[in-house]
Amino acid sequence: MMDAERKADSRQAGVSAAAIAALSAILPRRCLLAAAEERRPYECDGLTAFRQLPDLVLLPETEAQLIAVLKLCHQLKLPVVARGAGTGLSGGATPVAAGVVLSLAKFMTILEIDPLARTARVQPGVRNLAISEAAAPYGLYYAPDPSSQIACTIGGNIAENAGGVHCLKYGLTVHNVIGLRVATMAGEVLEIGGAALDAPGYDLLALLIGSEGMLGVVLEATVKLTPKPLLARVLMASFAEVAQAGRAVAAIIGAGIIPAGLEMMDRAATAAVEAFVHAGYDLEAETILLAESDGTPEEVGDEIEAMRKVLEDSGASEVRVSRDEAERLKFWAGRKAAFPAVGRITPDYICMDGTIPRKHIAAMLTRIQEFSREFGLRCANVFHAGDGNLHPLIMFDASQPGELERATAFGTRILELSVEMGGTITGEHGVGIEKVQQMCAQFSATELELFRGIKSAFDPFALLNPGKVVPTPRRCSEYRLTGSAK
Amino acid sequence: MSDCLGEWCERIREAVARGHQLAIVGGASKDFYGRPWSEACSARLSTLAHSGIVDYEPSELSLTARAGTPLAEIEAALASQGQMLAFEPPHFAGGATLGGAIAAGLSGPRRAAAGAARDFVLGAKIIDGRGQPLAFGGRVMKNVAGYDVSRLLAGSLGTLGLITEVSLKVLPLPAASLSLRLAASQGRALELMNDWAGRALPITASAWEDAGEGGALTLRLAGSRAAVRAAQRELGGETLELEQAGAYWRHLRDQRAPFFDAAPTLWRLSLDSTTPPLDLPGTTLIEWGGALRWLRADADHKTMHAAMMAIGKGAHATLFCASLEARAAGVFQPLGSPLLALHRELKRRFDPAGVLNPGRMYAEF
Ligand SMILES: Cc1cc2nc3c(=O)[nH]c(=O)nc-3n(C[C@H](O)[C@H](O)[C@H](O)COP(=O)(O)OP(=O)(O)OC[C@H]3O[C@@H](n4cnc5c(N)ncnc54)[C@H](O)[C@@H]3O)c2cc1C
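Residues numbered from 1 in each chain as written. Chains lettered and ligands numbered in written order. Predicted model: local features only at pLDDT ≥ 70, side-chain atom pairs only at ≥ 80, totals over all residues. Heavy atoms only, no water.

A. Representation of the overall build of chain A in the model. Along its length, chain A carries 19 helices and 18 strands. Taken against the 2.2 N^0.38 rule, which gives 23 Å for 486 residues, the C-alpha radius of gyration of chain A at 23 Å falls within 12% of a compact globule. Principal-axis analysis of the C-alpha atoms places the extent of chain A at approximately 70 × 55 × 45 Å. Relative to its full complement of 486 residues, chain A shows a buried share of 61%. Computed over 46 positive and 57 negative side-chain charges, the separation of the two mean positions in chain A equals 4 Å. (Helix = DSSP H or I, 4+ residues; strand = E, 2+ residues; numbered from the N terminus. Rg over C-alpha atoms; globule rule 2.2 N^0.38 Å. Buried < 20%, exposed > 50% of the residue type's maximum accessible area, 1.4 Å probe, protein only. Lys, Arg positive; Asp, Glu negative; His and termini not counted. Charge placed at Lys NZ, Arg CZ, Asp CG, Glu CD.)

B. Main features of the sheet that holds strand S15 (residues 283-287) of chain B. Residue and element names in this part refer to chain B. One open sheet accounts for 8 strands, arranged S13-S10-S12-S11-S15-S16-S14-S17; its pairing is antiparallel. Looking at the sheet topology across the chains shown, the edges are occupied by strand S13 (238-239) and strand S17 (316-321). The sheet contact formed by strand S10 (residues 176-183) and strand S12 (residues 216-223) spans 8 bridges and is antiparallel. Paired with serine 179 across the bridge in S12 is arginine 220. Packed onto the sheet, helix H8 (residues 225-235) meets S10, strand S11 (203-209), S12 and S13 and runs at close to 155° relative to S12. (Pairing = 2+ DSSP bridges. Contact = heavy atoms within 4.5 Å. Axes fitted to C-alpha atoms, helices over the stretch in contact; angles between N-to-C directions.)

C. Region of the structure containing the pattern of salt bridges. All names here are of chain A. Going through the model one piece at a time under the given rule, you end up with 50 salt bridges over all chains. With a closest N to O distance of 3.4 Å, glutamate 286 and arginine 267 form a salt bridge. Taken together, the residues span a long stretch of sequence, with glutamate 286 in the loop between helix H11 (267-277) and strand S14 (287-295) and arginine 267 in helix H11 at a distance of 19 residues. Judged by relative accessible area, glutamate 286 falls into the partly exposed class, the value being 25%. (Salt bridge = Lys/Arg side-chain N within 4 Å of Asp/Glu carboxyl O.)

D. Structural context of the state of the cysteines. All names here are of chain A. For the structure shown, the criterion picks out 1 disulfide over all chains. Shown here is the disulfide that connects cysteine 440 with cysteine 476, its sulfur atoms set 2.2 Å apart. When the S-S torsion is -95°, as for the bridge of cysteine 440 with cysteine 476, the disulfide is left-handed. Taken together, the residues cysteine 440 in helix H17 (residues 439-442) and cysteine 476 in helix H19 (residues 473-481) connect sequence positions 36 residues apart. In this pair, the class of cysteine 440 matches that of cysteine 476, namely buried. Here cysteine 167 stays free of any disulfide, with the sulfur of cysteine 152 as its closest cysteine sulfur at 11 Å. Free cysteine cysteine 379: the closest other cysteine sulfur is in cysteine 351, separated by 9.5 Å. For cysteine 379, a relative accessible area of 11% corresponds to the buried category. (Disulfide = S-S within 2.5 Å.)

E. Representation of empty space enclosed by the protein. One pass over the full model with this rule turns up 8 cavities of 30 Å³ or more. If you trace the largest cavity, you find 34 residues lining it, with Leu197(A), Asp198(A), Ala199(A), Asp203(A) and Gly105(B) closest to the centre. Those elements that place two or more of their residues in the lining of the largest cavity are helix H8 (173-176), strand S8 (177-183) and helix H9 (204-208) of chain A together with helix H5 (117-120) and S17 of chain B. Partitioning the lining of the largest cavity into residue classes produces 20 nonpolar, 7 polar and 7 charged. When residues of the lining of the largest cavity are sorted by domain, at least three fall in each of domain 1 (3-173 + 341-350) and domain 2 (176-326) of chain B. (1 Å grid on protein atoms, 1.4 Å probe; cavity = no way out; pocket = protein on both sides within 12 Å on 5 of 7 lines; lining within 4 Å. Points joined across faces, edges and corners; volume = space filled by probe spheres on them. Nonpolar A, V, L, I, M, F, W, Y, C, P; charged D, E, K, R; others polar. Domains from an automatic or database assignment.)

F. Layout of the domain arrangement of chain B. All names here are of chain B. We note that the domain assignment places domain 1 (3-173 + 341-350) and domain 2 (176-326) within chain B. Facing the 17 residues of domain 1 at the interface are 16 residues of domain 2. For the pair domain 1 and domain 2, the summed buried surface comes to about 1,400 Å²; carbon and sulfur atoms form 63% of the total. Looking at the side of domain 1 facing domain 2, the largest losses of area belong to Phe32, Phe92 and Pro109, adding up to 39% of the total buried there. Our enumeration of links across domain 1 and domain 2 arrives at 1 salt bridge. With a closest N to O distance of 2.9 Å, glutamate 88 and arginine 220 form a salt bridge. (Buried area = accessible area lost by both parts, 1.4 Å probe.)

G. Representation of the site of the ligand within the structure. Residue and element names in this part refer to chain A. In the vicinity of the ligand lie 33 residues, with Ala82, Gly84, Thr87, Ser148 and Thr153 positioned nearest. Glycine 92 places a polar main-chain atom, nitrogen or oxygen, 3.1 Å from an oxygen atom of the ligand. One nitrogen or oxygen atom from the side chain of glutamate 428 is found 3.0 Å from a nitrogen atom belonging to the ligand. When the free accessible area of the ligand is taken as 980 Å², the share hidden by the protein chains comes to 95%. Of all the secondary-structure elements, those providing two or more residues to the shell around the ligand are strand S3 (80-83), helix H6 (154-160) and strand S10 (217-224). The dominant element in the shell around the ligand, judged by the number of residues it contributes, is H6, at 5 residues. Partitioning the shell around the ligand into residue classes produces 13 nonpolar, 16 polar and 4 charged. (Near = heavy atom within 4 Å. Polar contact = N/O pair within 3.5 Å; in protein donor to acceptor, adjacent residues only side chain to side chain. Areas by Shrake-Rupley, 256 points an atom, 1.4 Å probe, with all protein chains shown as cover.)

H. Broad picture of the sheet that holds strand S2 (residues 56-58) of chain A. Residues and elements named next belong to chain A. The strand order across the open sheet formed by 4 strands is S1-S2-S4-S3, and the pairing between neighbours is mixed. A strand with exactly one partner marks an edge of an open sheet, and here the two such strands are strand S1 (32-33) and S3. With 4 bridges connecting them, S3 and strand S4 (residues 100-103) associate as parallel partners. For valine 80, the partnering residue across the bridge sits in S4 and is valine 100. Across the sheet, helix H4 (residues 63-76) is in contact with S2, S3 and S4; its angle to S4 comes to roughly 160°.

I. Highlighting the pairing of strand S13 (residues 261-266) of chain A. All names here are of chain A. Where burial is concerned, most of S13 is hidden: 6 out of the 6 residues are buried. Of the strand pairs in this sheet, S13 and S14 are connected by 6 bridges, and their pairing is antiparallel. What sits directly across from glycine 261, in S14, is glutamate 292. Note that S13 and strand S17 (residues 379-384) share 2 bridges and pair antiparallel. Looking at S17, one finds that methionine 264 is bridged to phenylalanine 383.

Next up, the structure:
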C-alpha cells in the first residue's frame, strides 16, 4: 500500500484550471463555490482545531450531476470529500489539500414515508430530526437521536454510525438503516438492501455504515421507523461519589432492565449546563444519572419503581422522577446541550469518544481527574453510561502556546486507557483525522492492512476522503517508536 | 487452545501453498444450506475442538465464546443468568455452534422484533485466507474504529475468514411471555401484523400458516407482565398452553414444524413486510410480521428470482432446502454486475487464493 502514499505525494498542488472548467460544464455556476470567502465555511467540521481551505466546493442538485462529478474526479484523480452538515467531531469532513468538497446539502427531500411498512426513504442531506418530524403524524419516529440531531444529516449519521441517548434500547444507525443507494468513487451506483430485513451476499450495509465517507457516497437511504411509546418518564439520581454512580449503572443492567436511556454527567458538566439551559440539575452532586423508561403506562410505572430502588440501593442521595412531558424534556435538554454549554465556558474544547466496559466507568473517571491535574486542563464528563461510551470534554485555549498540544496529549491518554480497559478509541464519532494515530494502538499491522484492502476494493485510487481513518504503515511505525502501538 | 489456532493458521497456509481448498465445518447442522462445497474442496476443517465460553459478564450484556462452542451451551449459560441470544438462532437438527450460527447469519422468530444475528455481533477473531490471525470489533456496545468487519462476517458463509471467536451483545429474558392464536386469512393476517407492528405492542414473534379453512396466525407476546397482559386483552384469540407455545416457536425456529416436513424444495423469500399474498404456486408459511415467507414449491430459479425482481425494494429469494444438483445451480438471488464485482474484490482481500469455502455462497467466488 506504499502506492497510495506515493500517489498522494505526487498529486499536483491545487485543482487545475482545466479541472474547474470541466466541472463547470457539469454544474451550474451556483453549484460551484470557487471564491475564498465562499469556501471558508467548509474549511473544517466540528473538529475546529484542524482546518484546510478546500480548493473548490461543489453542491450538485441532482443525482445525475453528482454522479457526473464523481466520474470526472475519478478520471482526473481528484480527491473528493463528501460533506453533510459538518457537525462531525473527528475531522471526517475536513477537506484535503488539492481536493474538492462534495456537499450533499441540496439533497434534502424525504422521498417516501410508508407508515404501514414503517420505513422512510430519504435523500442524504435530510436532517436526522426532520425524519422524525415527518413520521410523527403516523405515531412513528426515527430512533437514533444524536444530540446534534437538529443539524446533522442522515448521510453523515450513516458515515459515522451515529448513536444517541436512546441507543442502548433502540440501536445505533447500523440497526436502523435497511437500505442504501450508494455511488462509488468511479460513479457506479450500488443498490444495497431495501425494504426487506436482509439482502443476498455480504452484509455491505454493515461495511458501509460507519465507513466515514471512504467507501462510497450515500445517495439515498431507507430507514426503519419505530412506533412512539405511549409514555416516557425519566429518573434523575444524584450521587456524592462517582464510584456509586458507576455501580448503579451495572446494577440496573444486572437487574434485567434495559432503560430507554442511561446517561451520566459529572459536576463540571452539570455546572456548565445549568448556567446555560436551567435544566434543574442537582449542583451539589458529584455525578448525576438520567435513566429513562418508555412503553405502556403500566410498564413505565413498574420499571421506574424498579430503577428507583436500584438507584437508592446504590447510594443515590436524591432521586427525582419527571412529573410530566415538559419536565422530562427539560431534564434531557440539559444533557443534549452539554457540548455547547461547555463551549460557552472555554475558548476551545475537544471531545473524546472512547468506549469501555461499564464496570470500569468509575476507575476511568478517577484517572481522567488525575490526567486533568497532570496536564493542567479542565475536563467535563458526559457519558452514554448505558453503552459505556465516554465523552470527556477537554477544555483549552488554542491561543495559549502549547495548550492544543497538551489537550491532544490528554485525549490520547484517555483513548489509550480505553483500549487497555478492553474498549475502543471511538464509540460513535469516528476516527476521521483526529484518531488516525491511535488506530495503531487498537489494531495490528495486518489488521490495518486488511482495512486498506477493503478501501481499495471500493476505491482503488484512494480518492474518496483520503488520509482518514486508516493510518499509513509509515505513520504506525513512527507511532510504534513512541510506545503504545499494538 | 492457542495450539489449535496455530495449527489452523498452518493448515490454511499449507492449503494456499498447495492450491487446495478447505471446507469449514462446525456442528454440521447447516450443511444443507448454501451452495454445496465444490469437488475440489478436499479437506474439512472442523472448529469443534476450539470450544468454550471465554468471557461472560451479565452486567456487561456481552458474551465471548470460541467458534466451536455449541449454541446450546451458550444458551444454557445465559438462561442461568436470566439472559438470552435475542436473535434466536436456529439449531436445526442440533449441534449448531456459535461460529456456524454467525457464518450463516440466520435468525429465528424474534428477528423482526429484536434484530438479526449481525445486529448482536460486537467483535470477532478470524484467520484470513493467508493464515493470519486478525481481530475486529470488541466486547463493548459501540465501536466505530475502522470498518465493521465483524458484522460483515455474519452471513458470509465462511468465505471471508475462519471465524475463531465471537463477542455478542446479549439481552435479559423477558419477564413474561405468552402465545395467542387467531383465525385469519393470509391477506388479513398480513394487514394485522403490519398494523400491530406500527403500534407499541410487545409482539416478539408471529407466524401465519394455511390451516385448512382460512389459516391461523400465532403470536408471541413478551415483555413486562403488565404489557403482555394488556396486549393479550386487546388482541384476543386463544391462548396457548405454555409448553405447547414453547415447542411451537422452537420447532418453527429449527424447521421441525410439520410445514417443513413435506416437499423437499423450500424457498425462503425475504421482502417488504407489506407485500400482499404472492401469486406463486405452493404452500406458504409467513414469519417476521410478513417480511419472511417460506414457500414449499418446486419452482425453478428463474421464476422465483423474476418474481422477486418484480416486487422490488430489495426482495430476494433463497433456495433454502433442495437437492444437491439444484443447490449447485445457485442458491442465492443473483447479484447485479457492479455488486458481484465488488464481492469478488472483497473476497480477494480476505482470501486471495480462494482457499476458504469457495463457491459456498456464489459460484463466482
Ligand atoms: C453538539 C454536537 C453533539 C453531537 N452529538 C452526537 C451524538 O450524540 N451522537 C453521535 O453519534 N454524534 C454526535 N455528534 C457528532 C456528529 O453530529 C455526527 O457524527 C453526525 O453523524 C455527523 O453528521 P453530519 O451531517 O454533520 O456529517 P459531516 O460532519 O458533514 O460528515 C461526517 C462524515 O460523513 C461523511 N459523509 C457525509 N455525508 C455523506 C454521504 N452522503 N455519503 C457518504 N459520506 C458522507 C463525511 O465525508 C464525513 O466523513 C455531535 C456533534 C456535535 C457538534
